[in-house]
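Breakdown of the fold
Next come the chains, spelled out residue by residue.
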Amino acid sequence: MASLCKVVLIGRVGRDPESRYLNNGDAVVNFSLATSNRKKDGVDDTQWHRITAYGKVAEVIGNYVKKGSLIYIEGSLKYGKFRDKEGNEKNTIDIIANQMQMLGNKSDDDRRNHENEEQQNQRRDTDDGDIPF
């Protein structure tokens, strides 16, 4: 009997991917991905996922994906355990990505960057002590 463990996610990257290379030269990248569902009360239920990719997929992600990018990830689950500083055993769930597709386009990224700049400028204007009335 065959089995399948497959995960499909569409979400926004929470931080710039961290790239590194293994001793054999293979690329590895790690990043977080946020997915959201709107509940009946109108509140977004956001889940954070730890994503790891290897090889060519990792190279593409490391070169092109940035914080805030909207991406499609397909992969599998990997369960793990570690001990924290106090010696308590903790469980982890990582998504091992074997496919990635960027869903946003350059204009989406430019618009988001422009909105962030405008918000920063507005904060600076109000931080100067000027009361806008």
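Calculation rules
Residues numbered from 1 in each chain as written. Predicted model: local features only at pLDDT ≥ 70, side-chain atom pairs only at ≥ 80, totals over all residues. Heavy atoms only, no water. Pairing = 2+ DSSP bridges. Helix = DSSP H or I, 4+ residues; strand = E, 2+ residues; numbered from the N terminus. Buried < 20%, exposed > 50% of the residue type's maximum accessible area, 1.4 Å probe, protein only. Contact = heavy atoms within 4.5 Å. Patch = residues over 30% accessible without salt bridge, like charges linked within 9 Å, V, L, I, M, F, W, Y side chains within 5 Å. Areas by Shrake-Rupley, 256 points an atom, 1.4 Å probe, with all protein chains shown as cover. Salt bridge = Lys/Arg side-chain N within 4 Å of Asp/Glu carboxyl O. Core = buried A, V, L, I, M, F, W, Y, C linked by side-chain atoms within 4.5 Å.

**With respect to the pairing of strand 6 (residues 89-102)**
Within a regular strand, the side chains alternate between the two sheet faces. As defined by bridge partners, strand 4 (residues 44-54) adjoins strand 6 across four bridges and the pair is classed as parallel. Bridging across to strand 6, Thr-52 finds its partner in Ile-96. As judged from the 13 bridges shared by strand 5 (residues 70-83) and strand 6, these two strands associate in the antiparallel manner. The residue of strand 6 that forms the bridge with Tyr-72 is Gln-101. What sits between the antiparallel neighbours strand 5 and strand 6 is a turn of five residues, in which Gly-87 has the positive phi angle 90°.

**Section: the environment of Ala-58**
By the element assignment, Ala-58 lies in helix 1 (residues 55-64). Take Ala-58: its relative accessible area is 2%, and that puts it in the buried class. Taking the C-alpha atoms as reference, Ala-58 lies 8.4 Å from Asn-30; in sequence the two are 28 residues apart. For Ala-58, the residues in contact, after removing those within four places along its chain, are Ala-27, Val-28, Val-29 and Ala-53.

**What about a nonpolar patch on the surface?**
A surface patch of nonpolar side chains, amounting to about 280 Å² of accessible area, comprises Val-60, Tyr-64 and Met-102. By the element assignment, Val-60 lies in helix 1. Judged by relative accessible area, which is 37%, Val-60 ranks as partly exposed.

**What to know about the pattern of salt bridges**
Tallied over the full model, the rule gives eight salt bridges. In this structure, the salt-bridge partner of Asp-94 is Arg-50, at a minimum N-O distance of 2.6 Å. Separated by 44 residues along the polypeptide, Asp-94 in strand 6 and Arg-50 in strand 4 bring together distant segments of the chain. Classification of Arg-50 as partly exposed rests on a relative accessible area of 46%. Ionic pairing is found between Glu-89 and Arg-83, a salt bridge with its closest N-O pair at 3.8 Å. With relative accessibility at 46%, the residue Glu-89 sits in the partly exposed group. A relative accessible area of 56% places Arg-83 in the exposed class. Here the residues in one salt-bridge network are Lys-81, Arg-83 and Glu-89, joined through shared partners.

**Quick word on the nonpolar core**
Of all hydrophobic cores here, the largest spans 17 residues; its most connected members are Phe-31, Leu-33, Ile-51, Ile-61, Ile-71 and Ile-73. If you list the elements that add at least two residues to this core, you get strand 1 (7-13), strand 3 (27-38), strand 4, helix 1, strand 5 and strand 6. Dropping the residues within four chain positions of it, Phe-31 is found in contact with Val-13, Arg-15, Pro-17, His-49, Arg-50, Ile-51, Ile-61, Ile-71 and Ile-73.

**Considering the pairing of strand 1**
Pairing between strand 1 and strand 5: six bridges, direction antiparallel. Looking at the pairing, Ile-10 lines up with Tyr-72 of strand 5. Two strands pair when backbone bridges link them, and strand 1 and strand 3 are joined in this way by two bridges, in the antiparallel orientation. Bridged to Arg-12 within strand 3 is Ala-34.

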